Amino acid sequence: TGADFCPGIHFEGSYNRFSGNRIHDLDGPGVNALVCRAPKGGSNFNVIDDNEITNADLGIVVGSDSPNAVNKGNTIVGNNVFGLGAVGIAVYNSTETTVEGNVVGGISFGLGISIGTGPGKVAQHSHVVVGNTVRDTADSAIAFFADDTCSLTKVFVGYNEVASTGVAGIYLTKDPGARLSDSVILGNHVHDADAVGIFLDDGVNKNTVEGNLTFENGLYGISVAGNHNRISANTALGNSTYDLVDSGKGNRWKNNVYETNPWGR
């Protein structure tokens, strides 16, 4: 506690475990509570579990500061992250990361869980974001971003509980030169987002959105601006403007349940 313009815990390296720590009341903008910012990547197979983090700017951060190097196989599980400024859990320039069973809330200015790439060309893939509870975030609750010319593929986003967030509950977006595809968004419950429950932005193509429940969101339940996505067996009810929105091309909609406002195109 009380660290002044520096992280609570800062590590690099591989095969470490950080468990059961309480990190709170850190001073200064941009301060990370528990951080691995490996300058050249290669910080692999670490476990961050069962920590309590509050009153910092960023909570748990795992990334590589080299755009052409990544971290691999890290696990962030069962942490309680609340009352932060910018981001609860941030992962960037990494691959095969598991973010599971965390409780994230009360993010004053930013995102709950953020998974992104840097501007390099190293392909990143196979992140698993499952069973988290995210609520009361100023920006989106769970967000994925592919930067510049990088690819982010084969992400699994499953069985998360999302409520009372800004922008979108689950948000996938990319730069024009990047690729974000071949991901699965399955079985999530999303409600009371300011704008959209689940949003696939322009250029986010060839993904699957299946078996989700989105209700009472500020604009739309599920909005798909990308192309050739498969959207099936979702339930979207009571969203303020439209339950389902398709502004892309070649998307396949099947067996979705909707009621309040059926379709926007």
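A.B. asks: Describe the overall build of the chain, listing the residues and the values that go with them.
C.D. replies: Looking only at helices and strands, the chain has zero helices and 36 strands in total. By the compact-globule yardstick of 18 Å for 265 residues, the chain fits well, its C-alpha radius of gyration being 18 Å. Looking at the chain as a whole, 54% of its 265 residues are labelled buried. Here the analysis covers contacts within the chain between residues at least 6 apart in sequence; of these, 65% occur between residues at least 24 apart. Split by element, the accessible area of the chain, about 10400 Å² in all, is 50% carbon and sulfur. Averaging the coordinates of the 16 positive side-chain charges in the chain and doing the same for the 27 negative ones gives two points 12 Å apart.

A.B. asks: Go over the pattern of salt bridges with me, naming the residues and quoting the values.
C.D. replies: Applying the stated criterion to the full structure yields five salt bridges. Two residues, R135 and D136, come together in a salt bridge whose shortest N-O distance is 3.5 Å. Between R179 and D182 there is a salt bridge, with the nearest N and O atoms lying 2.8 Å from each other.

A.B. asks: Tell me what's going on with unusual backbone geometry, and back it up with residues and numbers.
C.D. replies: Unlike most non-glycine residues, F45 shows phi in positive territory, near 55°. Here F45 falls in the partly exposed class, since its relative accessible area comes to 37%. Despite not being glycine, K154 shows a phi value in the positive range, around 55°. When its relative accessible area of 54% is taken as the criterion, K154 is described as exposed.

A.B. asks: Can you tell me about the environment of T137, naming the residues and giving the values?
C.D. replies: Tracing the backbone through its elements, the reader meets T137 in strand β18 (residues 133-137). Residues T137 and T173 lie 36 residues apart in sequence; the distance between their C-alpha atoms is 18 Å. Apart from residues lying up to four places away in sequence, T137 is in contact with I107, G110, G112, S164, T165 and G166. Among the polar contacts made by the side chain of T137, one reaches the main-chain carbonyl oxygen of D139 at a distance of 2.7 Å.

A.B. asks: Could you give an account of the packing of aromatic side chains, with specific residues and numbers?
C.D. replies: The description of an aromatic ring pair uses the distance of the two centres, along with the angle that the planes make with each other. One pass over the structure, following the stated rule, counts four aromatic pairs. Pairing Y15 with F45 gives two aromatic rings, centres 5.5 Å apart and planes at 25°, and the pair type is stacked. Here Y15, found in the loop between β1 (9-10) and β2 (17-19), pairs with F45, found in the loop between β4 (32-38) and β5 (47-49); they are 30 residues apart in sequence, far enough to count as distant.

A.B. asks: Could you give an account of the pairing of strand β10 (residues 80-84), naming the residues involved and the relevant values?
C.D. replies: Alignment of strand β6 (residues 52-54) against β10, held across three bridges, turns out to be parallel. For E52, the partnering residue across the bridge sits in β10 and is N80. Bridge count between β10 and strand β14 (residues 103-107): four bridges; the pairing is parallel. For N80, the partnering residue across the bridge sits in β14 and is V103.

A.B. asks: Please give an account of the sheet that holds β18 that cites residues and values.
C.D. replies: Spatially, β3-β6-β10-β14-β18-β22-β26-β29-β32-β35 is the arrangement adopted by the 10 strands of the open sheet, whose pairing is parallel. Edge positions in the open sheet fall to β3 (22-24) and β35 (257-258), since each of these has one partner strand only. As judged from the four bridges shared by β14 and β18, these two strands associate in the parallel manner. Among the inter-strand pairings, V104 is bridged to a residue of β18, identified as V134.

A.B. asks: Tell me about the side chain of S94, and name the residues and values.
C.D. replies: Within the secondary structure, S94 is located in strand β12 (residues 94-95). Residue S94 is classed as buried on the basis of its relative accessible area of 1%.

A.B. asks: If you had to explain the nonpolar core to someone new, which residues and values would you point to?
C.D. replies: Ranked by size, the top nonpolar core spans 52 residues in total, and within it L34, I60, I113, I142 and F144 carry the most contacts. Counting 14 residues, the second-largest nonpolar core is a separate cluster that includes L58, V87, A195 and V196.

The rules behind each value
- Residues numbered from 1 in each chain as written.
- Predicted model: local features only at pLDDT ≥ 70, side-chain atom pairs only at ≥ 80, totals over all residues.
- Heavy atoms only, no water.
- Helix = DSSP H or I, 4+ residues; strand = E, 2+ residues; numbered from the N terminus.
- Rg over C-alpha atoms; globule rule 2.2 N^0.38 Å.
- Buried < 20%, exposed > 50% of the residue type's maximum accessible area, 1.4 Å probe, protein only.
- Contact = heavy atoms within 4.5 Å.
- Areas by Shrake-Rupley, 256 points an atom, 1.4 Å probe, with all protein chains shown as cover.
- Lys, Arg positive; Asp, Glu negative; His and termini not counted.
- Charge placed at Lys NZ, Arg CZ, Asp CG, Glu CD.
- Salt bridge = Lys/Arg side-chain N within 4 Å of Asp/Glu carboxyl O.
- Polar contact = N/O pair within 3.5 Å; in protein donor to acceptor, adjacent residues only side chain to side chain.
- Phe/Tyr/Trp six-rings, centres within 6.5 Å; stacked < 30°, edge-to-face > 60°.
- Pairing = 2+ DSSP bridges.
- Core = buried A, V, L, I, M, F, W, Y, C linked by side-chain atoms within 4.5 Å.

The quantities given are spatial measurements derived from coordinates; they are silent on function.
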